[in-house]
Amino acid sequence: MKRYYYKEHDGASPKGPFSESKMERLRSKGIVTPEMLVTVQQDGDWKPVADEKSLRPYPKNRYGAVLLLLAVNWLVYFFVSDRSPQDQEQTLNGMASYWACMEDHEWWRCLTGLFVAPDLGILIFSSLSLLLLGVMVAPVMGFSGFLLFYILCGLISTTLCLPLASYPASSDGIFSWMLASLFLEFPIPGMLASSCGIASAAIILCSHRRRFGINAGTWSALMLVGAAAFFALSFSQNVFLFITLFGAIVGGFLALPGFIKYNMFLRRESGQTEFRISMRDQWHLSFAVIALLGIATASYLISGDKGGLASYKTAWQYGWTNGETDNNPQAAEAMLAAAKRGYPAACEAVGYRYLKGLDYPPNRKEAVKWFTLAAESGYPRSQYELANAFKEGRGTQASDEQALAWLRKSADAGYGPAVQALAVSYLNGSLGIHDPAKGAALLEQCMAGMRLFEPANEAAYILGTLYARGEGVGKDPAKAFELYTKAAEQGMADAQWKLALCYKTGEGVASDPVQSIQWMQKAAEQNQPDAIRTLHALRKMLPFSEDTPEADAPKENRPSPSPQD
């Protein structure tokens, strides 16, 4: 690493040694002027500072914009933002989401996302970008120029991300349901885009500047690659990956004018260290920042406290739940207001409550109305409920064609009950379809964890029955026993009875009368009729009274039940 010495003139005493970064700071403060003499060795050749190419002049330090953004971001995080772990709650705090901006026209969220952090990690990343790289970029761009750069990076990147957030539920992948709700409501933090824009600008404007022994370009590249890699590896943060990339690209384009002006300044023969753009040249930038803030404020005043997301959050604050109990009228009124604004989650909630007669009087037609709105937005549970309504003619005219169409959409999105219902339809020929092989394939997907996010008791039981009968799949008693065991261990009474029969008859497993009796008793405790009748018949065959507890009988008089019984 180079060590520099400088002196004011030939007869002066040398001062140093100084690192390259220290010499740059001395130059930017005007302490070391271009006319002074410099050398990289105390006894080396002395030459004017302006002729030392490694000591490039740099604008004077102006950190006001950086400090202002740091203060605003942290103050908002501590005093305004609701630091909830729920992603949807963070969206309600004021950040952009597809539905809020595109459907409810709350465009002010695109700007507030520049100052509201979805979590502490992104706030720290933004702060590090400002402290390590913003202090290098801000002097080149000036106070208002840097503020405008920060705002434009976030706004443009958020706007580019919004169309991607309209990803619909489809059969393209097993996580399509998750993606649909994720991109619909997931917060799009413009703060992250602005931070990545600063890193990109630092690569373009200040690649020669050193910080902690490594140049700004390397620091910036490491931060960008690290952020992109982190979000790429985290499936639930995919929208963050997009905004990271957009922020870096937008920041690079916005930094190009500054790059041209800065390089013109560096080539000045005079070696002048003062690089200043007068406010006369920046009045339009200041006006743009003020105009954007004004537009965002007006948009908030028009829709901020009346939007669908705000009403939805109000309902939960009043105690709205998804349970089977009634809630207070204020919560029901707020949820209905959110549904009338078209918010899909509220539409589904209101439809469910109308269906169950909770908070609102039971009304199947109203339930179908709200389920339809949510289903059209890609909500698979509403699609499933709508399919049931068309299948049974509840609240709407019966239609097997409509029922099958909505059931397939819900099943394609990975909604477990819909997958099982579609599989049963293939097996029993309801809804005009009959294909046992397809039904078995869907149930196999359930058991492989490809279509359900919870244990598939019913799917395991039905699939076990198919293997036992050889219907739609090859007959395989051992596989049937395995599937019955999975469902039985999860508490399904019919599966426990079938498992007891397997142990009794030796189908798919070695005969074991003791295990057979134990599983029969478990099924009988859940009022499984076949298990109750069989146990009752066995007790009649015992040599002691049926009212006598079985445990009280002498061990030698207790016959072992035969598999043929």
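Not measured: the values here are computed from a predicted model. (Residues numbered from 1 in each chain as written. Predicted model: local features only at pLDDT ≥ 70, side-chain atom pairs only at ≥ 80, totals over all residues. Heavy atoms only, no water.)

## Digging into the overall build of the protein chain
Tallying secondary structure elements over the protein chain gives 25 helices and 6 strands in all. Burial status across the protein chain gives 50% buried among its 565 residues. Long-range pairs, those at least 24 residues apart, make up 62% of the contacts in the protein chain between residues at least 6 apart in sequence. Counting only carbon and sulfur atoms, one obtains 57% of the accessible surface of the protein chain, whose full area is about 27000 Å². (Helix = DSSP H or I, 4+ residues; strand = E, 2+ residues; numbered from the N terminus. Buried < 20%, exposed > 50% of the residue type's maximum accessible area, 1.4 Å probe, protein only. Contact = heavy atoms within 4.5 Å. Areas by Shrake-Rupley, 256 points an atom, 1.4 Å probe, with all protein chains shown as cover.)

## With respect to the environment of tyrosine 4
With respect to the secondary-structure elements, tyrosine 4 resides in strand β1 (residues 4-7). Note on tyrosine 4: relative accessible area 0%, which makes it buried. Spatially, the C-alpha atoms of tyrosine 4 and valine 40 are 4.5 Å apart, while their sequence positions differ by 36 residues.

## Focus: unusual backbone geometry
Cis geometry marks the peptide bond from glycine 16 to proline 17, where omega comes out at 5 degrees. Here proline 17 shows up in strand β2 (residues 15-18). For histidine 105, which is not glycine, the phi dihedral falls at a positive 55 degrees. Among the structural elements, histidine 105 can be located in the loop between α4 (98-103) and α5 (108-112). At aspartate 359, a residue that is not glycine, the phi angle is positive and equals roughly 70 degrees. With respect to the secondary-structure elements, aspartate 359 resides in the loop between α15 (344-356) and α16 (364-376).

## Side note on the nonpolar core
Within the largest apolar cluster, 83 residues are counted, with the highest numbers of intra-cluster contacts made by Trp320, Met335, Val350, Tyr360, Leu422 and Leu443. Tallying contributions element by element places α15 first for this core, with 8 residues. Every residue in contact with methionine 335, bar those within four places of it in the chain, is listed here: Tyr312, Ala315, Trp316, Trp320, Ala346, Ala349, Val350 and Tyr360. Grouped together as the second largest cluster of nonpolar side chains are 60 residues, Val140, Ile151, Leu162 and Ala296 included. (Core = buried A, V, L, I, M, F, W, Y, C linked by side-chain atoms within 4.5 Å.)

## A word on the sheet that holds strand β4 (residues 47-48)
Here 4 strands make up an open sheet; going across it, the order is β2-β1-β3-β4 and the pairing antiparallel. At either end of the open sheet lies a strand with only one pairing partner, and these are β2 and β4. In the sheet, β1 pairs with strand β3 (residues 37-39) via 3 bridges, with the strands oriented antiparallel. Considered in β3, the bridge of tyrosine 6 is made with valine 38. (Pairing = 2+ DSSP bridges.)

## Section: the packing of helix α20 (residues 436-447) against helix α21 (residues 457-469)
Between α20 and α21, the shortest axis-to-axis distance is 9 Å and the interhelical angle comes to 130 degrees. Classed by the angle they form, the pair α20 and α21 counts as oblique. Note on packing geometry: the crossing formed by α20 with α21 is left-handed. Contacts from Ala440, Leu443, Glu444, Cys446 and Met447 in α20 reach Ala459, Ala460, Ile462, Leu463, Leu466 and Tyr467 in α21. (Axes fitted to C-alpha atoms, helices over the stretch in contact; angles between N-to-C directions. Parallel < 35°, antiparallel > 145°, perpendicular 65-115°, else oblique. Left-handed = near helix turned anticlockwise from the far one by under 90°.)

## Thoughts on the packing of helix α19 (residues 416-428) against α21
At their nearest, the axes of α19 and α21 sit 11 Å apart, and the two run at 20 degrees to each other. As judged from the angle between their axes, α19 and α21 are roughly parallel. You can see that α19 and α21 cross each other, and the crossing is left-handed. Contacts from Gln420, Val424 and Leu427 of α19 reach α21 at Glu458, Ala459, Ile462 and Leu466. A breakdown of the residues in the contact of α19 with α21 according to their chemical character gives 5 nonpolar, 1 polar and 1 charged. (Nonpolar A, V, L, I, M, F, W, Y, C, P; charged D, E, K, R; others polar.)

## Points about helix α23 (residues 493-505)
Helix length check: α23, at 13 residues, gives a terminal C-alpha distance of 19 Å against a target of 18 Å (1.5 Å per residue), a fit within 8%. Every buried residue of α23 is listed here: Ala493, Ala495, Gln496, Trp497, Leu499, Ala500, Cys502, Tyr503 and Lys504. The inward-facing, buried residues of α23 contact α21, α22 (477-489), α24 (513-525) and α25 (529-540). Following α23 by one or two positions, glycine 506 has its phi on the positive side, about 75 degrees. (Expected span 1.5 Å × (residues − 1).)

## Focus: the pattern of salt bridges
One pass over the full model with this rule turns up 7 salt bridges. Two residues, glutamate 392 and arginine 394, come together in a salt bridge whose shortest N-O distance is 2.4 Å. Salt-bridge contacts for arginine 533 lead to aspartate 530; the nearest nitrogen and oxygen are separated by 2.3 Å. Separated by 3 residues within a single helix, arginine 533 and aspartate 530 lie in helix α25, roughly one turn from each other. The class of aspartate 530 is partly exposed, set by a relative accessible area of 28%. (Salt bridge = Lys/Arg side-chain N within 4 Å of Asp/Glu carboxyl O.)

## Observations concerning the packing of aromatic side chains
The tally for this structure, following the rule as stated, stands at 12 aromatic pairs. When the ring of tyrosine 77 is compared with that of phenylalanine 78, the centres are 5.4 Å apart and the planes differ by 80 degrees; the resulting orientation is edge-to-face. A residue is classified by how much of its surface remains accessible, and tyrosine 77, at 10% relative accessible area, is buried. Phenylalanine 78 sits in the partly exposed class, given a relative accessible area of 47%. Note on phenylalanine 481 and tyrosine 503: the rings are 5.4 Å apart at their centroids and 90 degrees apart in plane angle, and the pair reads as edge-to-face. Linking phenylalanine 481 in helix α22 with tyrosine 503 in helix α23, this pair joins segments that are 22 residues apart in sequence. Both residues of the pair, phenylalanine 481 and tyrosine 503, count as buried. Here the aromatic residues Trp74, Tyr77 and Phe78 are joined through ring pairs into a cluster of three or more. Sitting over the face of the ring of tyrosine 352, arginine 381 holds its NZ or CZ atom 4.3 Å from the ring centroid. The ring of tryptophan 406 carries the charged tip of lysine 409 above its face, separated from the ring centre by 4.6 Å. (Phe/Tyr/Trp six-rings, centres within 6.5 Å; stacked < 30°, edge-to-face > 60°. Lys NZ or Arg CZ within 6 Å of the ring centre and 35° of its normal.)

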